Amino acid sequence: MTVLKVEGMSCNHCKMAVEKAVKAVAGVESVQVNLDKKEVVVNGSADRAQLAKAIEEAGYEVVG
């Protein structure tokens, strides 16, 4: 399981955009976005750097 802190997500549109970007990364089995905690929890074998890149390309900032 990989947990990333993401800034810039504020609504369901943001949540869906991040989920879509993360699901496109090889090795992702599931993704959960928590807007309140500003967290993205990813299950699977995906590389953390690839996940962060996908989120940032979707327009959000990975801060941890």
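Everything below is about the structure printed above this text.
Everything numeric here is computed off the predicted structure, so don't read it as measured data. What you see as residue numbers is a count from 1 along each chain, following the sequence as written. Since the coordinates come from a predicted model, pLDDT governs what is reported: local features require at least 70, and pairs of side-chain atoms require 80 or more to be given and counted, while whole-chain, interface and lining totals use all residues. As a rule here, side-chain values cover all heavy atoms of the structure and leave hydrogens and water aside.

**Side note on the pairing of strand β2 (residues 28–34)**
On any regular strand, side chains alternate: one points to one face of the sheet, the next to the other face.
Argument step 1. Should DSSP find at least two bridges between two strands, the strands are regarded as paired. Helix and strand assignments follow DSSP, with helices taken as H or I runs no shorter than four residues and strands as E runs no shorter than two, numbered in order from the N terminus. Relative to strand β3 (residues 39–44), β2 runs antiparallel, the two being bridged by six bridges. Its bridge partner lying in β3, N34 is registered against E39.
Argument step 2. Adjacent in sequence and paired antiparallel, β2 and β3 are bridged by four residues, among which K38 carries a positive phi angle near 55°.

**Details of helix α1 (residues 12–23)**
Argument step 1. Given a rise of 1.5 Å per residue, twelve residues ought to cover 16 Å, and the 16 Å separating the end C-alpha atoms of α1 matches this to within 8%.
Argument step 2. Relative accessibility decides the category of a residue: with a 1.4 Å probe and only protein chains considered, values under 20% of the type maximum give buried, values over 50% give exposed, and everything between is partly exposed. Three or more residues of α1 are buried, namely C14, V18, E19, A21 and V22. Buried residues of α1 fall within an arc of 165° about the axis and therefore sit on the same side. Projecting away from the buried face of α1 at angles above 90 degrees are the exposed residues N12, H13, M16, K20 and K23.
Argument step 3. By definition, residues are in contact when any of their heavy atoms lie within 4.5 Å. For α1, the elements touching its buried residues are β2, β3 and α2 (48–57). In this analysis, the expected span of each helix is defined as 1.5 Å times one less than the number of residues it contains. This arc is built from the directions going out from the helix axis to the C-beta atoms.

Everything listed here is a matter of geometry and, on its own, says nothing about what the molecule does.
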